[in-house]
Amino acid sequence: MRDSTNEVLRAIATNGPISRAQLARDLGLSGPTLTQATRYLFERGLIAEIKQSPSTGGRPATLLGLVANAGQVLGVKLADNHAVGVCINLQSEVLWSFEEPFSSRGDEAIRELTALLKRNTKKIKGQLLGIGIGIPGVVSANESGIANSAMLGWNGVNVGRQLSEALNTPVLLENDVNTLAITESLYGHGRDVSNFLTITLGRGIGMGLVINGELYAGSNGAGEFGHVNAITDGVRCECGKSGCLETIASSPAIHKAAVAAGYISKNTSMTKLWDLARKNKKMANDLFNEPAKQLGIALANVINVFGPELIFISGEGVEGWDLWEDIFTSTLNSHVVSTMAGFDIEVDPWDDTKWALGATAIVLQASLSRNQRVNANVIEVKNRLRIAAKSGARVS
C-alpha cells in the first residue's frame, strides 16, 4: 500500500514551503488523499500553514512548511582521533556544532564516546529525536548497529546498542559515505535524480549508491569501493587483503609514495604535498597519474553495472582534485561503455562538518524515507517526533 502521508511529509521536508496544488502535481495524489495526509500531519504538529505575500497583488498564497522546532537531531562523524558533531532542527538548520578529541582504539573507546555524547546532548533544548553516527566502515543491517572499521580499529563492536542503552536515546549508525548520499538524496542535487553515486577520497575511498531513489544498503553492508582489487599481488591493505584501490589512491598511499620517492618528508602534510605537486610536473605525474587511472577504471566498472545519472565526488581529498582530474576523466570515459555514458560529475567543495551534517540525515530518514528499514530505534525516533509535536511546537 502506498504511504501517502510519509510521501507528503518527505516532499514538504525536502521541497517546502510548498503549495497543496504543487504537492498534488509532484506526487500524483488526488485531492481527498492529499487532504487526508495533510490533516494527519497537521494534527500531530509536524506541518503548518505559512502565508506568503503575492508578488503581483491578489490574495497571499498559503504554503505548507515543516515545523522546524518540533525536534532536534544530533549528528556525529567519527574519525580515529576526533569527533565532529552538529545539532540541527527539522529544517536541517545547524543550531550549534562541536569538535572534540576522541580515540577510537582501546578498551575505553565506547565509554569515552558515551561521555562525549552525554556532554553534548545536555546542551539540547527540547525533544532530542535521536543521534546519527557516521563511521568509516561497515554497519550491520540489523538494529543493533554492529560496526566493523579497520580505520577505527573496530571488529564486530556493538556500538549502536551500547550507546542507545547508555544514553537512553535512539542511536542510528551508518557508513559515513552513505550519510552523504542520504543527504544528497534528501536535500541536494540528488533529490532530482533516481540513480546516483557518491564517491569520497581521502584517508579512505568510499562509495554510497542510491538506486531508484533509495540508498542501496546490501545484505551485509555496501559501498566498500576502496577495497575493490586494483592490482594483483599489490601492497597489503589494512583490511587484510592485497592490492586494494586504497593502497594506491588514498591520501596515505599517495603520501607514502611521495616519501619513498624523496619528494617530501614523513611530517609533510597532504596540503603541502598538493602545493608542491602543482609546482613540479614530474612530481605530479609520478604521484597522481597511476592513482587517477586506477580510480577511473574502478569507477567505470561500477558505472557500467549500475548506470547512474550523476556522480558526486567529495571528501578531504578533493582539495587536490586538480591533480587528478585530467587523467581520471580520460581514463573513466575510455572505459565506460557508450550506452552508460550519459552521466554528470559534480565535485563538492569540502567542509569537515559536512560529514556530521550527513549523519543527522540517518535520523531524519527514519521519518522521511519511503522504505526506511524498520527496527526498534527507528520506531522510537518516530514516537519521539509525535511526542514533540503534541507538546505544542510552533513554526519558527
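Residues numbered from 1 in each chain as written. Predicted model: local features only at pLDDT ≥ 70, side-chain atom pairs only at ≥ 80, totals over all residues. Heavy atoms only, no water.

Engineer: What exactly am I supposed to notice about the state of the cysteines here?
Structural biologist: In a disulfide, the sulfur atoms of two cysteines are held together by a covalent bond. Using the criterion set out here, one finds 0 disulfides in the structure. The structure places no disulfide on Cys 244, whose sulfur is separated from the nearest cysteine sulfur, that of Cys 239, by 3.7 Å. Note on Cys 244: relative accessible area 0%, which makes it buried. (Disulfide = S-S within 2.5 Å. Buried < 20%, exposed > 50% of the residue type's maximum accessible area, 1.4 Å probe, protein only.)

Engineer: Mind showing me how you'd approach the side chain of Glu 184 here?
Structural biologist: Inspection of the secondary structure puts Glu 184 in helix H6 (residues 176-187). Using a relative accessible area of 9% as the deciding quantity, one classes Glu 184 as buried. Sequence-distant contacts of Glu 184, that is, excluding residues within four places in its chain, are made with His 189, Gly 190, Arg 191, Phe 196, Thr 198, Phe 312, Asp 348 and Lys 354. (Helix = DSSP H or I, 4+ residues; strand = E, 2+ residues; numbered from the N terminus. Contact = heavy atoms within 4.5 Å.)

Engineer: I'm lost on helix H3 (residues 31-43) in this one. Help?
Structural biologist: Quick reminder: α-helices carry 3.6 residues per turn. Residues three or four places apart thus point the same way. Taking 1.5 Å per residue as the helical rise, H3 with its 13 residues ought to reach 18 Å, and the 18 Å between its terminal C-alpha atoms agrees with that figure. Of the positions making up H3, those classed as buried are Leu 34, Ala 37, Thr 38 and Leu 41. Down the axis of H3, the smallest arc covering the buried residues is 95°, so these residues share one side. The exposed set on the far side of H3, more than 90 degrees from its buried face, consists of Pro 32, Gln 36 and Glu 43. (Expected span 1.5 Å × (residues − 1). Arc of directions from axis to C-beta.)

Engineer: Before we go on, may I ask you to explain the packing of aromatic side chains in this structure?
Structural biologist: The description of an aromatic ring pair uses the distance of the two centres, along with the angle that the planes make with each other. Scanning all chains against the criterion turns up 4 aromatic pairs. Residues Phe 196 and Phe 312 carry aromatic rings whose centres are separated by 5.4 Å and whose planes lie at 90° to one another, so their mutual orientation is edge-to-face. Here Phe 196 is found in strand E11 (residues 196-201), whereas its partner Phe 312 is found in strand E14 (residues 310-314), with 116 residues between them in sequence. Each member of the pair, Phe 196 together with Phe 312, is buried. The rings of Phe 288, Trp 321, Trp 324 and Phe 328 are connected pair by pair, giving a single aromatic cluster. The positively charged end of Lys 77 is found above the aromatic ring belonging to Trp 355, 5.1 Å away from the centroid. (Phe/Tyr/Trp six-rings, centres within 6.5 Å; stacked < 30°, edge-to-face > 60°. Lys NZ or Arg CZ within 6 Å of the ring centre and 35° of its normal.)

Engineer: Please clarify how the packing of helix H1 (residues 4-15) against H3 should be interpreted in this entry.
Structural biologist: Between H1 and H3, the least distance of the axes is 9 Å, while the angle of their chain directions is 70°. By the angle between their directions, the pair H1 and H3 is classed as roughly perpendicular. For the pair H1 and H3, the contacting residues are Ser 4, Thr 5, Val 8 and Leu 9 in the first and Thr 33, Leu 34, Ala 37, Thr 38, Tyr 40 and Leu 41 in the second. Taken together, the residues of the contact of H1 with H3 sort by class into 6 nonpolar, 4 polar and no charged. (Axes fitted to C-alpha atoms, helices over the stretch in contact; angles between N-to-C directions. Parallel < 35°, antiparallel > 145°, perpendicular 65-115°, else oblique. Nonpolar A, V, L, I, M, F, W, Y, C, P; charged D, E, K, R; others polar.)

Engineer: Explain the pattern of salt bridges here, please?
Structural biologist: Pairs can form between side chains of opposite charge once their charged atoms are near each other. This structure, assessed with the given rule, holds 8 salt bridges. Lys 77 is the salt-bridge partner of Asp 176, the closest N and O atoms lying 3.3 Å from each other. In this pair, Asp 176 is assigned in helix H6 and Lys 77 in strand E3 (residues 72-78), connecting sequence segments 99 residues apart. Given a relative accessible area of 5%, Asp 176 falls into the buried group. Under the relative-accessibility criterion, Lys 77 is labelled buried at 10%. For Asp 322, the salt bridge is made with Arg 278, and the minimal N-O distance between the two is 2.8 Å. With Asp 322 in the loop between E14 and helix H11 (325-335) and Arg 278 in helix H9 (residues 270-279), this residue pair connects regions lying 44 residues apart in the sequence. For Arg 278, a relative accessible area of 37% gives the class partly exposed. Because the salt bridges share partners, they merge into one network encompassing Asp 275, Arg 278 and Asp 322. (Salt bridge = Lys/Arg side-chain N within 4 Å of Asp/Glu carboxyl O.)

Engineer: How do you make sense of the nonpolar core when you look at a structure like this?
Structural biologist: As a rule of thumb, nonpolar side chains are buried together in soluble globular proteins. In this structure, Phe 225, Leu 273, Phe 288, Leu 299 and Trp 324 are the most contacted members of the largest nonpolar core, which totals 37 residues. The set of elements that each furnish at least two residues to this core consists of E11, strand E12 (205-211), helix H8 (251-260), H9, helix H10 (281-306), E14 and H11. A per-element tally of this core places H10 first, with 11 residues. Counting residues in each nonpolar core, the second largest holds 32 residues, with Ala 11, Leu 66, Leu 364 and Val 381 among its members. (Core = buried A, V, L, I, M, F, W, Y, C linked by side-chain atoms within 4.5 Å.)

Remember, this is a structural readout, not a statement about activity or role.
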